[in-house]
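Residues per chain, in single letters:
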Amino acid sequence: MRKKQFKAESKKLLDMMINSIYTHKEIFLRELISNASDATDKLYFKSLTDSSISASKDDLKIRIERDKENRTITISDNGIGMTAEELESNLGTIAKSDSLNFKNENKDDENLENVEVIGQFGVGFYSSFMVSDKVEVISKALGSDEANIWVSEGVDGYTVQPAEKETVGTTVILHIKNNTENENFDQYLEQDRIEDLVKKYSDYIRYPIVMEMESQVPDKDNKGEYITEINEEVLNSQVPIWRKNKNEIKPEEYNDFYKQKFYDYTDPTLVIHSKTEGQATFDALMFIPKNAPMDYYSKDFEKGLQLYSNGVLIMDKCADLLPDYFSFVRGLVDSADLTLNISREVLQHDHQLKIIAKAIDKKIKSELAKMLRNDREKYEEFYNTFGVQLKWGIYADYGMNKDGLKDLILFKSSNGGYVTLKEYRERMADSQNDIYYACGDREEKIALLPQVEAIKEKGFEVLFCTDDVDEFALQMLMEYDGKHFANVQKEEVDLSTDAEKEAVKKKNEDSKELLDKMKEILGDEVSAVKFTNKLGNHAAALSAEGYVSLEMAKVLSQMPGGNDGVKAQLVLEINSAHDIAEKLANADENALEKYTKILYNQARLIAGLSIDNPTEFADMICEMM
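Since we're looking at a predicted model, the values are computed, not measured.

Student: Whenever I open this one, the pairing of strand β22 (residues 569–575) confuses me. Can you help?
Tutor: Along any regular strand the residues' side chains alternate between the sheet's two faces. Counting buried positions along β22 gives six out of seven residues, so the element sits mostly inside the fold. Where strand β21 (residues 540–545) lies against β22, six bridges are found, and the strand directions are antiparallel. Residue Ala540 lies in a different strand from β22, and its bridge partner there is Ile574.

Structure, rendered in structure tokens:
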């Protein structure tokens, strides 16, 4: 019997596949089970179009056998089988897919909707050689009286010859390699490992995957002793929960599935179960956790949804399916529309994937908006955990996502509790031109800012920005429903009447010499010193000129590298109606210097900024006392 050679290009491809294409050797079992499922589907399809063929779904199954002593794993099916010519054609020519040919030949047959052909590239079978030094395929085709065996030990070639097999179908026998210094091949002969791989990759193959399982049970005859019992068990679930009708699934079923699948101890906050048809057809089952994963804020965290093709796991975390601002979402997508390149674990970044990702993004936003409308308390709980991500979503993409996210973000308000931008806008006074906000690390501290108190006295609401990203996100939004955002700590925010503004202007003009001296004392620490009437009962405060606000400067200074080049242009504002104004006007040079430094340091502390020389500040306070 002469050994036949793979074609030269096939030899190269086989060698490349064995050594580099597949990242994880364990996927060999997924590939062989998927091939067996395809063969079974083809037989079932034939039975739908040919009444002479009997193929009840109850009789169709995939069997796994392991023989530790002889180091073999056998995967067999009672599907359509292959002739000698088909064995040579399908297995002798790498990258030729009989499944793809079958699908193309029957694409117009309405019965094809009842089957799910998974393999479409024709190379998955060769992943067997990653764990085997010899592979045997015994097959008997439907309608044939004889069986044949295909045998190969890898790139050296293969043989095809007649064999004995009573039933229609295919049996693949893998002769598992011996352990090496770097690889443990024995693991693939252990029943628990095989069971785990079936659960991980092939749990939703719709035919039973059976294997004889050993278990220890109490010995009825000898109390306290155990005996080994062997029973054939079905390893896979077969029917994915996401393909069931939503009306048939109880909330506890979703919760149990989530906790088992994603190793969480608490029920999810929200379940999103959808089926999409149109440009892309796919099922999606997604969950918003109640708590952030332990590694969520670490560099080790990986976002992404599990990706299935007809119930077979393709990728454990497909990052392209989720934008960063929804990185906390867990779940899966199952689609038969995706283009698979070389192996099922190498996914092309094709147009179809982008369509699915866009639909998922839209669906998550829609479900969050619904929760915000219908269950405010639950939404606020969610927002306390993941709200910062939504605001980062607005900022990170230069506001590209603002239309989808701006109505999902919340802010604490000077009126108490959370408020949406829409709610703030709806209760704005007719005389109010801007949406006012102020920044700080806690809402209690923000509420005590002189500028905030002054704005509240005018009867206006103020948004409290307590997260580092808040102001950056608002700057990206620029406006909401025609109203621009205004930081009350910025120098240009002034709600005074024309008469009040004129009075302050005159005060500054009359006090120019005094203010210039104070500016000279503070040097480059401030860009100006001015009198104002915007501080209520407070003596002094800091405001900022230009684009960079106090909070922005604070955040940037805390970033790696310090961002020393980006600083706010500080203005020291003195309350023109406060007693301190008269004190300053009557102070000698020595007292003026101390008053100026004290006021400046006080204003820095009120704004949440550090002071350069706290000892000098404390000494001056004591001296003044």
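Student: Just to check I follow, could you spell out the side chain of Asp283 for this structure?
Tutor: Position of Asp283 relative to the elements: it lies in strand β10 (residues 282–288). Owing to a relative accessible area of 8%, Asp283 belongs among the buried residues under this scheme. Setting aside its immediate chain neighbours within four residues, Asp283 contacts Trp242, Arg243, Ser274, Lys275, Leu332, Val333 and Asp334.

Student: What is the right way to read the packing of aromatic side chains from this model?
Tutor: Aromatic ring pairs are defined here through the distance separating the ring centres and the angle between the ring planes. Enumeration over the complete set of coordinates arrives at 26 aromatic pairs. Put simply, the rings of Tyr296, Tyr297, Phe301, Tyr325, Phe326, Phe328, Tyr379, Phe382, Tyr383, Phe386 and Tyr418 touch in pairs and so form one group of aromatic residues. Here the guanidinium or amino end of Lys507 rests over the ring plane of Phe531, the centre of that ring lying 5.0 Å away.

Student: How should I be thinking about the state of the cysteines in this particular structure?
Tutor: Covalently bonding the sulfur atom of one cysteine to the sulfur atom of another cysteine gives a disulfide. Enumeration according to the criterion identifies zero disulfides in this entry. Cysteine Cys465 is unpaired, with the sulfur of Cys439 as its nearest cysteine sulfur at 4.4 Å.

Student: Would you mind going over the pattern of salt bridges with me for this structure?
Tutor: Between side chains of opposite charge, pairing is possible as soon as their charged atoms come close. Under the defined criterion, the tally for this structure stands at 31 salt bridges. Linking Arg71 and Asp186 is a salt bridge whose minimum nitrogen-to-oxygen distance equals 2.8 Å. Of this pair, Arg71 sits in the loop between β1 (62–67) and β2 (72–77) while Asp186 sits in the loop between β6 (169–176) and α5 (191–201), placing them 115 residues apart in sequence. On the accessibility criterion, Arg71 (18% relative accessible area) is buried. Taking the relative accessible area as the measure of exposure, Asp186 reaches 29% and is therefore partly exposed. Its salt-bridge partner being Lys534, residue Glu573 comes within 3.7 Å of it at the nearest N-O pair. Pair noted here: Glu573 is in strand β22 and Lys534 is in the loop between β20 (528–532) and β21, with a separation of 39 residues, a long-range link.

Student: Just to check I follow, could you spell out a negative patch on the surface for this structure?
Tutor: On the surface, a cluster of negative charge is contributed by Glu85, Glu86, Asp145 and Glu146. With respect to the element layout, Asp145 can be found in the loop between β3 (132–140) and β4 (147–152). You can call Asp145 exposed: its relative accessible area is 79%.

Student: Would you mind going over the sheet that holds β22 with me for this structure?
Tutor: Consider a sheet: its strands pair through backbone hydrogen bonds, and that pairing is either parallel or antiparallel. Strand order in the open sheet formed by three strands is β20-β22-β21, with mixed pairing between adjacent strands. What marks the edges here is a single partner per strand, and that holds for β20 and β21. Put simply, the sheet's adjacent strands are angled 35° from each other on average, direction ignored. Relative to the sheet, helix α15 (residues 512–522) contacts β20 and β22, its axis offset from that of β20 by approximately 135°. Sheet contacts for helix α18 (residues 589–606): β21 and β22; angle to β21, the most-contacted strand, approximately 70°.

Conventions adopted
- Residues numbered from 1 in each chain as written.
- Predicted model: local features only at pLDDT ≥ 70, side-chain atom pairs only at ≥ 80, totals over all residues.
- Heavy atoms only, no water.
- Buried < 20%, exposed > 50% of the residue type's maximum accessible area, 1.4 Å probe, protein only.
- Helix = DSSP H or I, 4+ residues; strand = E, 2+ residues; numbered from the N terminus.
- Pairing = 2+ DSSP bridges.
- Contact = heavy atoms within 4.5 Å.
- Phe/Tyr/Trp six-rings, centres within 6.5 Å; stacked < 30°, edge-to-face > 60°.
- Lys NZ or Arg CZ within 6 Å of the ring centre and 35° of its normal.
- Disulfide = S-S within 2.5 Å.
- Salt bridge = Lys/Arg side-chain N within 4 Å of Asp/Glu carboxyl O.
- Patch = residues over 30% accessible without salt bridge, like charges linked within 9 Å, V, L, I, M, F, W, Y side chains within 5 Å.
- Areas by Shrake-Rupley, 256 points an atom, 1.4 Å probe, with all protein chains shown as cover.
- Lys, Arg positive; Asp, Glu negative; His and termini not counted.
- Charge placed at Lys NZ, Arg CZ, Asp CG, Glu CD.
- Axes fitted to C-alpha atoms, helices over the stretch in contact; angles between N-to-C directions.

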